[in-house]
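# What the coordinates show
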Amino acid sequence: MALPAGPGLGIEVDAKAVGRAAEVGHRWRNPARRRDDGSPAEW
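Residues numbered from 1 in each chain as written. Predicted model: local features only at pLDDT ≥ 70, side-chain atom pairs only at ≥ 80, totals over all residues. Heavy atoms only, no water.

## Here we look at the overall build of the protein chain
If you tally the helices and strands in the protein chain, you get one helix and zero strands. In terms of overall dimensions, the protein chain has C-alpha extents of about 55 × 30 × 15 Å along its principal axes. For the protein chain, the residues scored as buried account for 0% of the 43 residues in total. Each charge class in the protein chain can be summarised by its mean position, and for the 7 positive and 6 negative side chains these summaries are 4 Å apart. (Helix = DSSP H or I, 4+ residues; strand = E, 2+ residues; numbered from the N terminus. Buried < 20%, exposed > 50% of the residue type's maximum accessible area, 1.4 Å probe, protein only. Lys, Arg positive; Asp, Glu negative; His and termini not counted. Charge placed at Lys NZ, Arg CZ, Asp CG, Glu CD.)

Okay, here's the thing in structure tokens:
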């Protein structure tokens, strides 16, 4: 694998795709870990 000749990670971000995704949003939620008695548990 050749080393990049310039700065950066060697990828290009599709700004239009990022904008469309930002308009839609997301539904990600932190998973809730609970014990059998309902008390919170560590990850």
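## Regarding helix α1 (residues 15-24)
Across the 10 residues of α1, zero count as buried, placing the element largely on the outside. G25 sits one or two positions beyond α1 and adopts a positive phi of about 80 degrees.

## A closer look at the environment of P40
Considering the arrangement of structural elements, one finds P40 in the segment after α1. A relative accessible area of 55% means that P40 is categorised as exposed. Note: C-alpha distance between P40 and E12 (28 residues apart in sequence) is 41 Å. In this view, P40 contacts R33, R34 and R35; residues no more than four positions away in its chain are not counted. (Contact = heavy atoms within 4.5 Å.)

## With respect to the environment of G8
Of note, G8 is situated in the segment before α1. Looking at G8, the relative accessible area reads 57%, which means it is exposed. Between the C-alpha atom of G8 and that of V18, which follows or precedes it by 10 residues, the distance is 19 Å.

Honestly, that's just the spatial picture; any functional story needs more than this.
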